[in-house]
Amino acid sequence: QVQLVESGGGLVQAGGSLRLSCAASGRTFRINAMAWYRQAPGKQRELVAAITSGGSTNYADSVKGRFTVSRDNAKNTVYLQMNSLKPEDTAVYYCNADIQVNRNYEYSYWGQGTQVTVSS
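Residues numbered from 1 in each chain as written. Predicted model: local features only at pLDDT ≥ 70, side-chain atom pairs only at ≥ 80, totals over all residues. Heavy atoms only, no water.

Participant: Teacher, can you tell me more about the side chain of glutamine 100 here?
Facilitator: With respect to the element layout, glutamine 100 can be found in strand β9 (residues 91-100). For glutamine 100, the residues in contact, after removing those within four places along its chain, are Arg27, Thr28, Phe29, Arg30, Asn32, Tyr105 and Glu106. (Helix = DSSP H or I, 4+ residues; strand = E, 2+ residues; numbered from the N terminus. Contact = heavy atoms within 4.5 Å.)

Structure (structure tokens):
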């Protein structure tokens, strides 16, 4: 079994910072792309940031210059450093990872989500 466990969400004032972490455990033969998504009330889930196993990144336009995604392959962990937070960043943030459980099979896994609330 594979699990993604997120941590680091919470309540912060506008302009503040938070750092999210997501650790993968279990049958992880190889972890490929990892990403953060978010879903605000009444809205669709959207990609926030993604990082490949080689370290290439991409970001949603709304977070460029404020958020930084990184990973520690030795710890099977992906991070999201969020600076200059705005009330519109308020959402449940989900970790996603494409994980090979063996040489032949890759699956997409999701974390349980962590709430980020930015007050104005």
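There is more to say, and it comes next.
Participant: Got a minute to help me understand the packing of aromatic side chains in this structure?
Facilitator: When we look at a pair of aromatic rings, we describe it by the centre distance and by the angle of the planes. Per the counting criterion, the structure on display carries three aromatic pairs. An angle of 10 degrees between the planes, with centres 6.4 Å apart, marks the rings of tyrosine 105 and tyrosine 107 as stacked. For tyrosine 105, a relative accessible area of 48% gives the class partly exposed. Judged by relative accessible area, which is 41%, tyrosine 107 ranks as partly exposed. Members of the aromatic cluster, joined through ring pairs, are Tyr105, Tyr107 and Tyr109. (Phe/Tyr/Trp six-rings, centres within 6.5 Å; stacked < 30°, edge-to-face > 60°. Buried < 20%, exposed > 50% of the residue type's maximum accessible area, 1.4 Å probe, protein only.)

Participant: Can you walk me through the nonpolar core in this structure?
Facilitator: Nonpolar side chains tend toward joint burial in soluble globular proteins. By size, the foremost hydrophobic cluster in this structure holds 31 residues, and its most contacted members are Trp36, Leu80, Met82 and Tyr93. Among the elements of the structure, β1 (2-7), β3 (18-26), β4 (30-39), β5 (46-51), β7 (67-72), β8 (77-82), β9 and β11 (114-119) are those that each provide at least two residues to this core. No other element matches the five residues that β9 contributes to this core. In contact with tyrosine 93, not counting residues within four places along its chain, are Glu6, Leu20, Trp36, Tyr37, Arg38, Val48, Phe67, Leu80, Met82, Gly113, Thr114 and Val116. (Core = buried A, V, L, I, M, F, W, Y, C linked by side-chain atoms within 4.5 Å.)

Participant: What's the story with the pattern of salt bridges in this structure? I'm lost.
Facilitator: Here the idea is simple: oppositely charged side chains can pair when their charged atoms come close. Applying the stated rule across the entire model yields four salt bridges. Where aspartate 61 meets lysine 64, a salt bridge forms, and the shortest distance between an N and an O atom there is 3.1 Å. With respect to class, aspartate 61 is no different from lysine 64; both count as exposed. (Salt bridge = Lys/Arg side-chain N within 4 Å of Asp/Glu carboxyl O.)

Participant: Help me understand the sheet that holds β7, please; the structure alone is not making it clear to me.
Facilitator: In a beta sheet, neighbouring strands pair by backbone hydrogen bonds and run either parallel or antiparallel. Reading across the sheet, the four strands line up as β1-β3-β8-β7 and stay open at both edges, with antiparallel pairing between neighbours. Since the sheet does not close on itself, it has two edges, and those belong to β1 and β7, each with one partner. The mean inter-strand angle of the sheet, taken between neighbouring strand axes irrespective of direction, is 15 degrees. Where β3 meets β8, six bridges bridge the pair, whose relative direction is antiparallel. By the bridge assignment for β8, arginine 19 is matched with glutamine 81. (Pairing = 2+ DSSP bridges. Axes fitted to C-alpha atoms, helices over the stretch in contact; angles between N-to-C directions.)

Participant: In this structure, what is going on with the state of the cysteines? I would like to understand it.
Facilitator: Put plainly, a disulfide is one covalent bond tying together the sulfur atoms of two cysteines. As enumerated under the stated definition, the model contains one disulfide in all. A sulfur-sulfur distance of 2.1 Å marks the disulfide that ties cysteine 22 to cysteine 95. The S-S bond linking cysteine 22 to cysteine 95 shows a torsion near -80 degrees; that makes this disulfide left-handed. Here the residue cysteine 22 occupies a position in strand β3, and cysteine 95 occupies one in strand β9, the gap between them amounting to 73 residues. Across this residue pair, the class does not change: cysteine 22 and cysteine 95 are buried. (Disulfide = S-S within 2.5 Å.)

Participant: It is not clear to me how the environment of isoleucine 51 should be interpreted in this structure. Could you clarify?
Facilitator: Here isoleucine 51 lies in strand β5. Isoleucine 51 sits in the buried class, given a relative accessible area of 5%. When the C-alpha atoms of isoleucine 51 and leucine 20 are compared, they prove to be 14 Å apart, with 31 residues separating the residues in sequence. Once you skip the residues sitting within four places of it in the chain, isoleucine 51 turns out to touch Asn32, Ala33, Met34, Ser56, Thr57, Val69, Ser70, Arg71 and Val78.

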